[in-house]
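Coordinate analysis (summary)
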Amino acid sequence: MVCTHFFYFPRYQPPVRSNRVHQSGDLVPKCNVFYGNWIPDESYPLYNATQCPFAERGFDCLANGRRDGGYQKWRWKPKNCEIPRFNVHEILGKLRGKRIVFVGDSLSRTQWESMICMLMQGVQDKRRDVYEINGNKITKRIRFLGVLFSSYNLRIDYYRSVFLVQPGSSPRRAPKRVKSTVRLDKLEDMSNEWIDSDFLIFNSGHWWTPTKLFDMGCYFQAGQSLKLGMGITSAFRTALETWASWLETSVNRNRTRVFFRTFESSHWIGRNRNSCEVTRRPWLKSKGKDRSWISDIIIDVVKKMTTPVTVLHVTPMGAFRSDAHVGTWSDDRSITDCSHWCLPGVPDTWNEILLSMLLSKDGME
C-alpha cells in the first residue's frame, strides 16, 4: 500500500501565545484550560462504548478484554478554572439546527465517535433518532460519515483526510521508488464539502512519518515538481500553509467557527518507537511527551492568519495518559497500538473542552 490508500478506506504550562491562537478558549478569562492535571473522578465515564453503535469495536478496550477500567475514571482539572460539567440536554438544545464537521485522520474519527456517543446520552429513542445518513457502518476505510440527530436537526460529520492536502499518483518519468505523492499545494479535493458548517474541527499529524511516507514510496510534490529532497517537517509546514490560504478565502468567518487540534501524544517506547506498554495509571511526569514539532508548526501557522482559528492544544494534557491507549485491546490482538485511545477516554475530554467553547458566548449566539 502507498500513501494514497486512505481513499479506500501532572501539570504543564504551554508558552503564552497571542494573535488569534486561543489555547484557553473562551471559558474563563485568564484561564488556560490546557494547563492543569488529571484527578480521579468516579462519575466518569460519560457513556458505555459497548452500548454506543458509533464507537468502533477496535476502541472499546473493555469489550476487547482489558480488565482494569481505571483509565476511564480520570477528569481533567485546569489550574485556575473548571471545565463546565457535561450537561447533555443543555448542549443538545443549543446545538439544534447546527452542523459540526471533523476533518482529519483516525484520531479525528475517534473524537467524532466520542462526541456522538456523548450526545446520544440525551436522546431517548436512540435507534430511531440517531443514524448515519447513508446507512454506512463505521469503518476506517470510508472517506465520509455523517450522523444526524433528527430530533434536533443536528449533523455531525467526519471527513477522512490524513494530510489535508491532496494525494496524487506518481508523475511520469519519476524514479521507480516513487509510487505516489502528496500534493502540497492542493487542498483535499472534497474540501468544498466542509465549508457549509457551523463548527469545523481539523487535525493532522500521525501520517507525517517516514514509515507512512517514504517507506511506502510516497514523496512530496508541488505543481509539476517532485520534491525528493524535501523533509517531512518542511512539507508539513507547506501543507498547513496551503490549508491556511484556503481557509482565508473559502470559509465564511461570520458563520463558521474553526478549530485545529494539535498532535495527540503517543506513548511508543524503545529505540525505534515500536514498543508499547500501557500503564495502569497516568504518568506523574510528561517525560518529554508534552511537546511536538507538529503542534509547534500548527500554532505558528495559525498565529499568522487573519481568519480566527482556535487551537485545541491537547498535546500537554495527553502526555500523562500512558494508561489510556488501545494497546493490545483492539479488535485485532496481533497489533499493538500506543497512538489511538480507548473509548470512553481521553477524546471525551477533548470534546468536553470543545463543547464548552462551542457554547461560550463568542461561539454560540
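Residues numbered from 1 in each chain as written. Predicted model: local features only at pLDDT ≥ 70, side-chain atom pairs only at ≥ 80, totals over all residues. Heavy atoms only, no water.

1. Details of the sheet that holds strand β3 (residues 99-104)
For clarity, the threshold we go by: Only strands that DSSP links by at least two bridges are regarded as paired with each other. Think of it this way: any DSSP run of H or I at least four residues long counts as a helix, any run of E at least two long counts as a strand, and we number them from the N terminus. Where helices are involved, their axes are fitted lines through C-alpha atoms of the stretch in contact, as for all axes, and angles between N-to-C directions lie from 0 to 180°. Should any heavy atoms of two residues lie within 4.5 Å, those residues are considered in contact.
Pairing in this open sheet of 7 strands is mixed, and the strands run β4-β5-β6-β3-β9-β12-β15 from one edge to the other. Pairing within the sheet leaves two strands with one partner each, and these edge strands are β4 (130-132) and β15 (309-312). The average angle at which neighbouring strand axes cross in this sheet is 15°, direction not considered. Strand direction decides the pairing type here: strand β12 (residues 257-261) and β15, joined by 4 bridges, are parallel. Each residue of the ladder has a partner; that of Arg261, found in β15, is Leu312. Taken strand by strand, helix α7 (residues 346-359) contacts β3, β9 (199-202), β12 and β15, and its axis lies near 160° from that of β12.

2. What about the packing of aromatic side chains?
Operational definition: Pairing of aromatic side chains requires ring centres within 6.5 Å, counting the rings of Phe and Tyr and the six-membered ring of Trp. Pairs whose planes differ by under 30 degrees are stacked, by over 60 edge-to-face, and all others tilted. Residue exposure (1.4 Å probe, protein chains only): buried if accessible area is under 20% of the type maximum, exposed if over 50%, otherwise partly exposed. Whether a charge lies above a ring is judged from NZ of Lys or CZ of Arg, which has to be within 6 Å of the ring centre and within 35 degrees of the ring normal.
By the definition in use, this model includes 16 aromatic pairs. Each ring, one from Trp38 and one from Trp76, has its centre 5.2 Å from the other, and the planes form 65°; the classification is edge-to-face. Taken as a pair, Trp38 in strand β1 (residues 36-40) and Trp76 in strand β2 (residues 74-78) lie far apart in primary sequence, 38 residues in all. Owing to a relative accessible area of 5%, Trp38 belongs among the buried residues under this scheme. Ring geometry for Trp194 versus Phe202: centroids 5.7 Å apart, planes at 70°, classification edge-to-face. In this structure Phe202 comes out as buried when scored by relative accessible area, which is 0%. Counting every residue linked through ring pairs, the aromatic cluster contains Phe163, Trp207, Trp208, Phe214, Tyr219, Phe220, Phe236 and Trp293. A cation over an aromatic ring shows up here: Lys212 above the ring of Trp207, its NZ or CZ 4.7 Å from the ring centre. Positioned above the aromatic ring of Trp38, the side-chain terminus of Arg321 is 4.5 Å from the ring centre.

3. Focus on the packing of helix α4 (residues 232-250) against helix α5 (residues 293-303)
This is how it is decided: Left-handed is the label given to a crossing in which the near helix is rotated counterclockwise from the far helix by less than a right angle, and right-handed is the label when the rotation is clockwise.
Put simply, α4 and α5 touch, their axes get as near as 10 Å, and they point 35° apart. In the packing of α4 onto α5, the handedness of the crossing is right-handed. Along its contact with α4, which presents Ile232, Thr233, Phe236, Arg237, Leu240, Glu241, Trp243 and Ala244, the element α5 presents Trp293, Ile294, Ile297, Ile298, Asp300, Val301 and Val302.

4. Some thoughts on the nonpolar core
Selection criterion: Buried Ala, Val, Leu, Ile, Met, Phe, Trp, Tyr and Cys residues form a nonpolar core when they are joined through side-chain atoms within 4.5 Å.
One finds Ile100, Leu119, Phe149 and Ile156 to be the most contacted residues of the largest nonpolar core, which totals 69 residues. Not counting residues within four places of it along the chain, the set of residues in contact with Ile156 comprises Ile100, Phe102, Trp112, Met115, Ile116, Leu119, Leu145, Gly146, Val147 and Phe149. In terms of nonpolar packing, the next biggest core, distinct from the first, is built from 42 residues, Leu187, Val251, Ile294 and Ile299 among them.

5. As for the confidence of the model for the protein
Inclusion rule: Confidence scores here are pLDDT values: one per residue, from the predictor, ranging 0 to 100.
On average, residues of the protein score 89 in pLDDT, and 89% of them reach the 70 mark or higher. The low-confidence segment residues 5-29, where pLDDT is below 50, has 86 contacts with residues more than four positions distant or belonging to other chains.

6. Focus on the state of the cysteines
Worth spelling out the cut-off: Disulfide assignment relies on a single distance test, namely cysteine sulfur atoms paired within 2.5 Å.
Following the criterion strictly, the structure yields 3 disulfides and no others. Each sulfur in the disulfide pair Cys276 and Cys338 lies 2.0 Å from the other. Handedness here is read from the sign of the S-S torsion; for Cys276 and Cys338, about 75°, the answer is right-handed. Taken together, the residues Cys276 in strand β14 (residues 275-276) and Cys338 in strand β17 (residues 337-341) connect sequence positions 62 residues apart. For Cys276, a relative accessible area of 18% puts it in the buried group.

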